[in-house]
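Each chain, letter by letter, is given below.
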Amino acid sequence: MSICAAIILSIAASAAYYNTYNVLVTIPDANGCSKMQGFAAGDTYLYCAKINGAETKQIIYRARQSDGTLTQMKNGDTNKMFATYLGHANDIVLANDGTSSCMYIPTMKNDGQGFVKLRYSGTTYYHAADYDLRYNGEPIRMGGAELLGKDTDNLYFLFFEWPGDNTGHSFYKATVEKNQPSGIVNVTHAFDIDYENAKVNGSVIDNISAYRHQGIGYKAGTDRLYVPMTYDNISVILVYDNVSQASGTIMASEDLSFRITSKAFPTLFEIESCDNANGKLWFSCNRKTDPDDLEHDAICYFKEYTP
């Protein structure tokens, strides 16, 4: 073996790669909602959303990180166990607006309810505001959201534009006042990601354009962005560093990658979104042994990885 080839193999072998996971808790269907979607991790609890096929009902669960204790949250406005205004509920962001704990949810709508704010206390939530996301004056659909930072008055969000044709790569930023009422929120283009050349375990994925984009994850302490993508029973998470000040097109890390290829769930293993909390990279996922399987959706975390 040549010296050059030996160096290349050494670099590839030293890259951190994670492909095993533990299940914290399986997430049951309720109120006709069987599709796992948005996800977020707090200090003590994890939150996930499921929707029905028509996107006319949405439910939210809370799971305790320490033992997986699961509670379906209640809509305090109606005293029902579901909402009807969260659309695809493709991601969840947790933040405090100065007076209350809040969830901010990108709905993938462009009709004035593109980004919905919920206030919650314990296991009850309340509809607080609807934001009409606009780019250059035109409605824009966002599929992923994360909190980049905050100050006394404002929350600073990172959004991922929903790619209807699976070719999306654009990220945007927006400032939302902590107590901003419903109305227009203007976003600005921040950067694009290159995923076609992203390496997972040292190699590019030949059919990456066929993978579906999902929600996103972000860790402020490392300024690291996590981008899940799924194809059938394979889910990968691409990693992008130094994103808070990024511009142009940024490349995925070659030193860190994640992939689950599931023989146990051959029909579908779909990581929907991910988040960091208490030394773990958590994720929500749809898992199917066959097309009719409704028993295995779950909240999990990657083994051995410490964000």
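Up top is the structure these notes are about.
Going along each chain's sequence as written, the residues are numbered from 1 onward. Owing to the predicted nature of the model, reporting of local features is limited to residues with pLDDT of at least 70; listing and counting of side-chain atom pairs is limited to 80 or more, with chain, interface and lining totals taken over all residues. Calculation of side-chain values draws on the structure's entire complement of heavy atoms; hydrogens and water are dropped beforehand.

How would you summarise the environment of Val-185 if you had to cite specific residues and measurements?
Mapped onto the elements, Val-185 comes out in strand S16 (residues 183-186). Per-residue accessibility, obtained with a 1.4 Å probe over protein chains only, is compared with the maximum for each type, and a residue is labelled buried under 20%, exposed over 50%, and partly exposed between these values. The buried category is assigned to Val-185, whose relative accessible area is 2%. Val-185 sits 12 residues away from Lys-173 along the chain, and the two C-alpha atoms are 10 Å apart. Once residues within four sequence positions are removed from consideration, Val-185 is found in contact with Tyr-131, Asp-132, Leu-133, Arg-134, Ala-174, Thr-175, Val-176 and Gln-180. Secondary structure elements follow DSSP: runs of H or I no shorter than four residues count as helices, runs of E no shorter than two count as strands, and numbering proceeds from the N terminus. The contact criterion used is simple: two residues touch if any of their non-hydrogen atoms lie within 4.5 Å.

Give me the side chain of Asp-192: which residues, what numbers.
Along the chain, Asp-192 turns up in strand S17 (residues 188-194). For the buried Asp-192, no salt bridge exists, and the shortest N-O distance to an oppositely charged side chain is 12 Å, to Lys-173. Ignoring sequence-local partners within four residues, the contact set of Asp-192 consists of His-169, Ser-170, Phe-171, Gly-248, Thr-249 and Ile-250. As used throughout, the charge tally considers Lys and Arg to be positive and Asp and Glu to be negative, leaving His and the chain termini uncounted. The salt bridge criterion pairs a side-chain nitrogen of Lys or Arg with a carboxyl oxygen of Asp or Glu, the two atoms within 4 Å.

Give me the pairing of strand S4 (residues 45-51): which residues, what numbers.
By the criterion of burial, S4 is predominantly enclosed, with 6 of the 7 residues buried. Relative to S4, strand S3 (residues 35-41) runs antiparallel, the two being bridged by 5 bridges. Paired with Lys-35 across the strands is Ile-51, a residue of S4. Two strands are said to pair when DSSP picks up at least two bridges between them. Hairpin connection between S3 and S4: a loop of 3 residues separates the two successive antiparallel strands. As paired elements, S4 and strand S5 (residues 58-64) share 7 bridges and run antiparallel to each other. Counted as the bridge partner of Lys-50 is Ile-59 from S5. Linking two consecutive strands that pair antiparallel, namely S4 and S5, is a turn of 6 residues; a positive phi of about 60 degrees is found at Glu-55 within it.

Could you give an account of the nonpolar core, naming the residues involved and the relevant values?
Here the nonpolar core consists of buried residues drawn from Ala, Val, Leu, Ile, Met, Phe, Trp, Tyr and Cys, with membership extended through side-chain atoms lying within 4.5 Å. Membership of the largest hydrophobic core comes to 26 residues, with the highest contact counts inside it found for Phe-171, Phe-191, Leu-225, Met-229, Val-236, Leu-238 and Tyr-240. Residue assignment for this core shows that the elements contributing at least two residues are strand S14 (154-161), S17, strand S22 (224-231) and strand S23 (234-241). The element that contributes the greatest number of residues to this core is S23, accounting for 4 residues. Apart from residues no more than four positions distant in its own chain, Phe-171 is found in contact with Leu-158, Phe-159, Phe-160, Thr-188, His-189, Ala-190, Phe-191, Asp-192, Ile-193, Ile-216, Leu-225 and Val-227. Listed in part, the 20 residues of the second largest apolar core include Ile-140, Tyr-172, Val-176 and Val-187.

An account of the pattern of salt bridges is needed here, citing residue identities and associated values.
Enumeration over the complete set of coordinates arrives at 9 salt bridges. Here Lys-117 makes a salt bridge to Asp-97, at a shortest N to O gap of 3.0 Å. In this pair, Lys-117 sits in strand S10 (residues 115-121) while Asp-97 sits in the loop between strand S8 (93-96) and strand S9 (101-106), placing the two residues 20 residues apart along the sequence. Given a relative accessible area of 1%, Lys-117 falls into the buried group.

Report on the pairing of strand S26 (residues 268-277), specifying residues and quantitative values.
Along S26, 10 of the 10 residues are buried, which leaves the element largely enclosed by surrounding structure. Relative to strand S27 (residues 280-288), S26 runs antiparallel, the two being bridged by 9 bridges. Counterpart to Asn-276 in the pairing with S27 is Leu-281. The loop that links S26 with its antiparallel partner S27 comprises 2 residues; one of these, Asn-278, has a positive phi angle of about 50 degrees.

Which residues make up the layout of surface pockets, and what values go with them?
A pocket here means an open set of points on a 1 Å grid, computed over the protein atoms alone, that has protein on both sides within 12 Å along at least five of seven lines. A cavity is instead a set of points where a 1.4 Å probe fits but cannot get out; residues with an atom within 4 Å of a point line either one. Grid points are joined across faces, edges and corners, and a volume is the space filled by probe spheres set on the points. Looking at the largest pocket, its volume works out to about 500 Å³. Surrounding the largest pocket, 21 residues form its lining, Ala-41, Gly-42, Asp-43, Leu-94 and Asp-275 being those nearest its centre. Within the residue set of the lining of the largest pocket, elements represented by two or more residues are S3, S4, S8, strand S13 (142-150), strand S21 (217-219) and S26. Each residue receives one of three labels: charged for Asp, Glu, Lys and Arg, nonpolar for Ala, Val, Leu, Ile, Met, Phe, Trp, Tyr, Cys and Pro, and polar for the others, Gly being one of them. Along the lines of polarity and charge, the residues of the lining of the largest pocket split into 13 nonpolar, 4 polar and 4 charged. If you trace the second largest pocket, you find 16 residues lining it, with Lys-35, Gln-37, Glu-270, Glu-272 and Asn-286 closest to the centre.

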